[in-house]
Amino acid sequence: SELMIRIFQHNVSSGFRPGYVVAASVCLCLALLTFPAKGRPQLLRDQFGATGSLQDHLGSVQVVIVVSAKRLRRIKRWEQAIRKHYDTLPLLRVADIPRTAPVEYDTVAAKLRKRLPDDVNVLIDLEGHWSKEYGLDTGVPNLLVFDPAGELAARHAGKYKSAGFEALRIDLDRLLQSQ
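Worth saying up front: this structure is predicted, and the values here are computed from it rather than measured. (Residues numbered from 1 in each chain as written. Predicted model: local features only at pLDDT ≥ 70, side-chain atom pairs only at ≥ 80, totals over all residues. Heavy atoms only, no water.)

Caption draft 1: Summary view of the confidence of the model for the protein chain. This prediction gives the protein chain a mean pLDDT of 85; 77% of its residues lie at or above 70. The low-confidence segment residues 26-37 (pLDDT under 50) makes 13 contacts with residues lying over four places distant or belonging to another chain. (pLDDT = per-residue confidence, 0-100. Contact = heavy atoms within 4.5 Å.)

Caption draft 2: Looking closely at the packing of aromatic side chains. Counted according to the given criterion, the structure contains five aromatic pairs. Ring geometry for Tyr160 versus Phe165: centroids 6.3 Å apart, planes at 40 degrees, classification tilted. An identical accessibility class is assigned to Tyr160 and Phe165; each is buried. Each member of the aromatic cluster is reached from another via a ring pair, and the members are Trp78, Tyr160 and Phe165. In this structure, Arg45 is placed above the aromatic ring of Tyr105, and the distance from its NZ or CZ to the ring centre is 3.6 Å. (Phe/Tyr/Trp six-rings, centres within 6.5 Å; stacked < 30°, edge-to-face > 60°. Buried < 20%, exposed > 50% of the residue type's maximum accessible area, 1.4 Å probe, protein only. Lys NZ or Arg CZ within 6 Å of the ring centre and 35° of its normal.)

Caption draft 3: Representation of the pairing of strand 6 (residues 142-146) within the structure. With five of five residues buried, strand 6 lies mostly within the body of the structure. On strand 6, burial covers both faces: Asn142, Leu144 and Phe146 on one face and Leu143 and Val145 on the other are all buried. Bridge count between strand 3 (residues 62-68) and strand 6: five bridges; the pairing is antiparallel. Residue pairing across strands places Val64 opposite Leu144, the latter belonging to strand 6. One ladder, built from five bridges, connects strand 6 with strand 7 (residues 152-157); its direction is antiparallel. Bridging across to strand 7, Leu144 finds its partner in Arg155. Linking strand 6 back to strand 7 in an antiparallel pair, the connection comprises five residues, with Gly150 at a positive phi of about 85 degrees. (Helix = DSSP H or I, 4+ residues; strand = E, 2+ residues; numbered from the N terminus. Pairing = 2+ DSSP bridges.)

And the structure:
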């Protein structure tokens, strides 16, 4: 990548041995790719192979719902309420995959294609980037509200309840009015 080339050129011009510079540059770049900056979790694929991320809707207020793949049905009422009041609001669904045993993307994708309607796409988070980045308990739905710049503006968690939705609405209305 361009970053690796710049690091390499800088370190070689500073008198470091090229072999050590390459090794250090590769390690640094891998670390940067593995641990993205806050507010920018990894690009993920859904059960149909399409990619998606928070970056897809920068410039708009958006909601990301993160929950364990085993608890996906718990987001339905949240999503219905959101769509009833904000039909064009960008909404990402992320299935956190428990890391108790090694799992392949193709296996998870096939299971989700069987369990979910064709018009419901869910991003598959095999490595738990979202739950790690934001410290989420994915046993319950987590609704992360991002402002147009992609910064986390509010978070809500738990099973759907009308009082919980009203708190979410207050946050969304505040952000949408300031947009």
